[in-house]
Amino acid sequence: MTTSTEGLPDPATIRSKGFTLKGALAFAETRFGPGARERLLEGAPAELAEVLRGTVLASAWYPFTAQVALYEAIDRTFGKGDLALCREVGRYTAESEASALHKLILKFASLEAWLRAAGGMWGQYYSTGKLSTESFESDGGVVRITRFHPVSKAFCKDFGGWLEKTAEISGKRGVAVVHDECLLDGREACVYRARWRG
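The rules behind these values
- Residues numbered from 1 in each chain as written.
- Predicted model: local features only at pLDDT ≥ 70, side-chain atom pairs only at ≥ 80, totals over all residues.
- Heavy atoms only, no water.
- Core = buried A, V, L, I, M, F, W, Y, C linked by side-chain atoms within 4.5 Å.
- Buried < 20%, exposed > 50% of the residue type's maximum accessible area, 1.4 Å probe, protein only.
- Helix = DSSP H or I, 4+ residues; strand = E, 2+ residues; numbered from the N terminus.
- Contact = heavy atoms within 4.5 Å.
- 1 Å grid on protein atoms, 1.4 Å probe; cavity = no way out; pocket = protein on both sides within 12 Å on 5 of 7 lines; lining within 4 Å.
- Points joined across faces, edges and corners; volume = space filled by probe spheres on them.
- Nonpolar A, V, L, I, M, F, W, Y, C, P; charged D, E, K, R; others polar.
- Disulfide = S-S within 2.5 Å.
- Salt bridge = Lys/Arg side-chain N within 4 Å of Asp/Glu carboxyl O.
- Pairing = 2+ DSSP bridges.
- Axes fitted to C-alpha atoms, helices over the stretch in contact; angles between N-to-C directions.

*Asks:* Please clarify how the nonpolar core should be interpreted in this entry.
*Replies:* The tendency in soluble globular proteins is for nonpolar side chains to be buried side by side. Leu-40, Leu-70, Ile-74, Phe-148, Phe-155 and Phe-159 are the most contacted members of the largest nonpolar core, which totals 56 residues. When residues in this core are grouped by element, the largest group, nine residues, is from helix α4 (residues 64-78). Residues within four places of Leu-40 in sequence aside, it is in contact with Leu-25, Ala-28, Leu-52, Leu-70, Ala-73, Ile-74, Thr-77 and Phe-78.

Below you can see the structure in the form of structure tokens.
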């Protein structure tokens, strides 16, 4: 299928909160040591380098393209360049950003209710786009992202990892997430189909 991003928001106009950058940096420093930021600076695009040289504030808005560039840099610097580490970044941030209260709620509320709430909070993390849920059953569910531009499959891998770990925190077992429809491939949404037990 020919990649087509016609009709998607201009990536240069999308902003994301510093939470996302801080989580990815924390993953790199926890997994690869305190010198990880300096290693990521080597060969980083100018936009990302500017962010990495400063203090990343959780509540500040940053170019979304810098967030995606950070995911790619982590995978390129510490991984194999196949974006597999981006999934690990997502799993890490799902775990580290969930407070004890959030984890308790996830244990006793339905995962679908939690993800619907996350959909309502999407705008607190990204300046555009929509996250929605559908077709939730006892053994799986579907999450869709629309009106957004992922920029790179690095973001898609990260989100898939975040969804996978969030489901595990809620008590689901044997979680597997498949991302078989993507905005970057000209589809109407990024679709994540999750299956689980329990």
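*Asks:* How should I be thinking about the layout of surface pockets in this particular structure?
*Replies:* The method is simple in principle: a probe with the dimensions of a water molecule rolls over the atoms, and the space it marks as empty is what remains. For the largest pocket, the calculated volume is near 510 Å³. Forming the walls of the largest pocket are 21 residues, and the residues nearest its centre are Glu-97, Ala-118, Met-121, Tyr-125 and Trp-162. For the lining of the largest pocket, the leading source of residues is helix α8 (residues 153-169), giving six residues. The residue inventory of the lining of the largest pocket, partitioned by class, reads 15 nonpolar, four polar and two charged. If you add up the space inside the second largest pocket, you get close to 200 Å³. Lining the second largest pocket, in full, are Arg-87, Lys-153, Cys-156, Lys-157, Gly-160, Gly-161, Glu-164, Ala-176, Val-177, Val-178, His-179 and Tyr-192. When residues of the lining of the second largest pocket are traced back to their parent elements, those giving at least two are α8 and β5 (173-181). Here the lining of the second largest pocket gets six residues from one element, more than from any other, and that element is α8.

*Asks:* Would you mind showing me how to read the state of the cysteines here?
*Replies:* Two cysteines joined by a covalent bond between their sulfur atoms form a disulfide. Under the counting rule described, the total for this entry stands at zero disulfides. You can see Cys-182 has no disulfide; the closest cysteine sulfur is in Cys-156, sitting 3.7 Å from it. For Cys-182, a relative accessible area of 2% translates into the label buried. For the unlinked cysteine Cys-190, the closest cysteine sulfur is that of Cys-182, found at 3.7 Å.

*Asks:* Just checking my understanding: could you explain the pattern of salt bridges for this structure?
*Replies:* Oppositely charged side chains may form a pair once their charged atoms are brought near each other. Under the defined criterion, the tally for this structure stands at 14 salt bridges. Ionic pairing is found between Glu-88 and Arg-87, a salt bridge with its closest N-O pair at 2.7 Å. Classification of Glu-88 by relative accessible area gives partly exposed; the value is 23%. Across the salt bridge formed by Arg-91 and Glu-168, the nearest N and O atoms sit 2.9 Å from each other. With Arg-91 in helix α5 (residues 84-97) and Glu-168 in helix α8, the pair connects residues that are 77 residues apart, well separated along the chain. On the basis of relative accessibility, which here comes to 27%, the residue Glu-168 falls in the partly exposed class. Three or more residues are tied together by salt bridges with common partners; here these are Arg-31, Arg-87, Glu-88, Arg-91, Glu-95, Glu-164, Lys-165 and Glu-168.

*Asks:* Where do I start with the sheet that holds strand β6 (residues 190-197) in this structure?
*Replies:* Neighbouring strands of a sheet are bound in pairs by backbone hydrogen bonds; such pairs are parallel or else antiparallel. Strand order in the open sheet made by the four strands is β3-β4-β6-β5, with antiparallel pairing throughout. A single partner strand is all that each edge strand has here, and the edge strands are β3 (130-137) and β5. Across the sheet, the mean angle separating the axes of adjacent strands is 20 degrees when strand polarity is ignored. Pairing between β5 and β6: six bridges, direction antiparallel. Within β6, the position partnered with Glu-181 by the bridge is Val-191. Strands in contact with helix α7 (residues 111-125) are β3, β4 (140-146) and β6; relative to β3, the strand with the most contacts, it is inclined by about 170 degrees. This element, α8, spans β3, β4, β5 and β6 of the sheet and lies at about 155 degrees to β5.

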